[in-house]
Amino acid sequence: MSGGRDMMIDVRVQQAGFDVGHEQQRLLSGRTDIGAVVSFTGLVRDFNERPDVRALTLEHFPGMTERALTDIAEEACQRWGLDAVTVVHRVGELQPGDPIVLVVVGSAHRRAAFEACDFVMDILKTRAPFWKKEHTSSGDYWVSERQSDRLDASRWES
């Protein structure tokens, strides 16, 4: 591990929104060993398989989902020697424009932080047990897994 302290992993699955700035401050609180922070915020779009998404409902298996996200964060820490990782993923009904997922990575060096953040999102999309239902004017439907997500995740295989 890089830095002078133990790595910190914070994983939360919640209905409530989140504040990106607050989460970054929380990750950095009392830390002077972190030299780079990279974050990614995913938002609900008003289009996906159909063009008129009015809402998105996310379901998950409590306990199983948090464990899967923690495993992904731990793998990133091992691969890049990270100091801290925060993953916040929302569930429940969300509207277009709502933040849905946040990944914040802290590392001694920028390259590790960039790569690890990218890795966490790519792997989260394929390994984390979430189910998405989109609500449109033409009906509701479960969102299918995308081949592009599988392709993105496959680039991290060793």
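Reading guide: rules and limits
Residues numbered from 1 in each chain as written. Predicted model: local features only at pLDDT ≥ 70, side-chain atom pairs only at ≥ 80, totals over all residues. Heavy atoms only, no water. Axes fitted to C-alpha atoms, helices over the stretch in contact; angles between N-to-C directions. Helix = DSSP H or I, 4+ residues; strand = E, 2+ residues; numbered from the N terminus. Parallel < 35°, antiparallel > 145°, perpendicular 65-115°, else oblique. Left-handed = near helix turned anticlockwise from the far one by under 90°. Contact = heavy atoms within 4.5 Å. Nonpolar A, V, L, I, M, F, W, Y, C, P; charged D, E, K, R; others polar. Phe/Tyr/Trp six-rings, centres within 6.5 Å; stacked < 30°, edge-to-face > 60°. Buried < 20%, exposed > 50% of the residue type's maximum accessible area, 1.4 Å probe, protein only. Lys NZ or Arg CZ within 6 Å of the ring centre and 35° of its normal.

Draft legend 1. Focus on the packing of helix H2 (residues 64–80) against helix H3 (residues 110–127). Contact geometry for H2 and H3: axes closest at 10 Å, N-to-C directions at 150°. Between H2 and H3, the interaxial angle falls into the category roughly antiparallel. Classified by chirality, the crossing of H3 by H2 is right-handed. Where H2 approaches H3, its residues Ala68, Leu69, Ile72, Glu75, Ala76, Arg79 and Trp80 are matched on the opposing element by Ala112, Glu115, Ala116, Phe119, Val120, Ile123, Leu124 and Arg127. When the residues that make up the contact of H2 with H3 are grouped by side-chain class, the tally is eleven nonpolar, no polar and four charged.

Draft legend 2. Region of interest: the packing of aromatic side chains. Scanning the entire structure with this criterion turns up four aromatic pairs. Seen from their ring centres, Trp80 and Trp156 are 5.6 Å apart, and the 80° between their planes marks the pair as edge-to-face. Residue Trp80 is located in helix H2, and its partner Trp156 is located in the segment after helix H4 (147–154); the two are separated by 76 residues in the primary sequence. Each member of the pair, Trp80 as well as Trp156, is classed as buried. Residue classification places Trp156 among the buried residues on the basis of a relative accessible area of 12%. Counting every residue linked through ring pairs, the aromatic cluster contains Trp80, Phe119 and Trp156. The positively charged end of Arg45 is found above the aromatic ring belonging to Phe47, 5.1 Å away from the centroid.

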